[in-house]
Every structure is written in C-alpha cells, then in structure tokens.
Amino acid sequence: MAGGARRLYRRLLQLHRSLPPVLRDLGDRYVKEEFRRHEAAEPAEAQRFLREWENYAALIQQQINEDKQNLREKAVYGIQLTEEKLNDFRDEQIGQLKELMDEAIKPKKKITISKDSEYKT
C-alpha cells in the first residue's frame, strides 16, 4: 500500500478529531493497528481493505456533518453490522471485532490526582 493508503490513513485520523475523546482514542488505535497489519497485503486484499476504510471515512464524515448541523437528536457514530456482513468476516476479523467491542464497552477509568502526587521541585 502506498500514497493512497497514506492519505486515507491521515484522513481517518483527522476525522477522528471530531469524535468524542473516548471514541477518538479507540478509533485511532484501531486504525493504526489495522494499517500496520495490512502493510504487506496482497494487491486484491489491499484494495478491499482500502475500499472498506473509504466507506467508513465517508460514513463518519456524514455522521460528523449531521451532528454539527444538529440533524440528529443524539450523536451516534458507526453502523450496525448486518448478519451478511459478519458472515463475510474471517475468524481473525471476528476476534478483532470482539476485542474492539470489549474495549468500547469497558468501564471508563477514573483518574484522580491527590495533592500528595503533585510534582515538586
């Protein structure tokens, strides 16, 4: 994958800047991992890979625009995967999807900083 993939990669990360912080972080990590995994993909697989990410980018762009224009009551990003689409996934992809789902629904970590942990010079 070459220049077109690099442009798409940057576009995806740029789109994620408009997402809520938790989704941005999750999305950025997933994009980076997936693009790394597919660096040496065969041409046919690379073409399929890039087409799916282009579709994702178009969908997220549309949803961000709708959110900015207040066209939706609640901001929702992504889509429900159909059974047909899930049936096209390889076992490895199903595993990755499960990991992504687990990460997305994991309870949010609360970070508290006590006075004792402040940096002192």
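Residues numbered from 1 in each chain as written. Predicted model: local features only at pLDDT ≥ 70, side-chain atom pairs only at ≥ 80, totals over all residues. Heavy atoms only, no water.

The protein is annotated in an unreviewed UniProt entry as Succinate dehydrogenase assembly factor 3 from Cyanoderma ruficeps. Heading Sequence similarities (unreviewed entry) of the UniProt record for the protein holds this comment: "Belongs to the complex I LYR family. SDHAF3 subfamily." According to the UniProt record, the Subunit (unreviewed entry) comment for the protein is "Interacts with the iron-sulfur protein subunit within the SDH catalytic dimer." (UniProt positions renumbered as here; feature names shortened; annotations may be inferred.)

Trainee: Please clarify how the side chain of Gln-96 should be interpreted in this entry.
Mentor: Inspection of the secondary structure puts Gln-96 in helix α5 (residues 91-105). Not counting the four nearest positions on each side in its chain, Gln-96 is found in contact with Tyr-30, Glu-34 and Arg-37. (Helix = DSSP H or I, 4+ residues; strand = E, 2+ residues; numbered from the N terminus. Contact = heavy atoms within 4.5 Å.)

Trainee: Teacher, can you tell me more about the confidence of the model for the protein here?
Mentor: Low pLDDT marks regions whose predicted coordinates should not be analysed in detail. Put simply, the protein has an average pLDDT of 83, and 84% of its residues get 70 or more. Confidence over residues 111-121 falls short of pLDDT 50; this stretch has 0 contacts with residues more than four positions distant or in other chains. (pLDDT = per-residue confidence, 0-100.)

Trainee: I keep staring at the packing of aromatic side chains and nothing clicks. Help me out?
Mentor: Note on aromatic pairs: each is described by the distance of the centres and the angle between the planes. Using the criterion set out here, one finds 6 aromatic pairs in the structure. On the numbers, 5.9 Å between centres and 50° between planes, the contact of Phe-35 with Trp-53 is tilted. Highlighted residues: Phe-35 in helix α2 (residues 21-37) and Trp-53 in helix α3 (residues 43-68), separated in sequence by 18 residues. Summarising the burial analysis for this pair, Phe-35 and Trp-53 share the class buried. (Phe/Tyr/Trp six-rings, centres within 6.5 Å; stacked < 30°, edge-to-face > 60°. Buried < 20%, exposed > 50% of the residue type's maximum accessible area, 1.4 Å probe, protein only.)

Trainee: Can you help me understand the pattern of salt bridges in this one?
Mentor: Should their charged atoms come close, side chains of opposite charge can pair. Under the counting rule described, the total for this entry stands at 8 salt bridges. The partner of Lys-85 in a salt bridge is Glu-52, with the nearest N and O atoms 3.1 Å apart. Of the two residues, Lys-85 sits in helix α4 (residues 83-87) while Glu-52 sits in helix α3, which places them 33 residues apart along the sequence. The partly exposed category is assigned to Lys-85, whose relative accessible area is 30%. Arg-90 serves as the salt-bridge partner of Glu-92, at 4.0 Å between the closest nitrogen and oxygen. Under the relative-accessibility criterion, Glu-92 is labelled partly exposed at 47%. Several salt bridges share partner residues, and in doing so they unite Glu-45, Arg-90 and Glu-92 into one network. (Salt bridge = Lys/Arg side-chain N within 4 Å of Asp/Glu carboxyl O.)

Trainee: Please explain the nonpolar core as it appears in this structure.
Mentor: One broad trend across soluble globular proteins is that nonpolar side chains are buried collectively. With 14 residues, the main nonpolar core has Leu-8, Leu-12, Val-31, Phe-35, Trp-53, Ile-60 and Ile-64 as its most contacted residues. Among the secondary structure elements, those contributing two or more residues to this core are α1 (3-16), α2 and α3. Ignoring anything within four residues of it in the chain, the contact list for Leu-12 reads Val-31, Phe-35, Trp-53, Tyr-56 and Ala-57. (Core = buried A, V, L, I, M, F, W, Y, C linked by side-chain atoms within 4.5 Å.)

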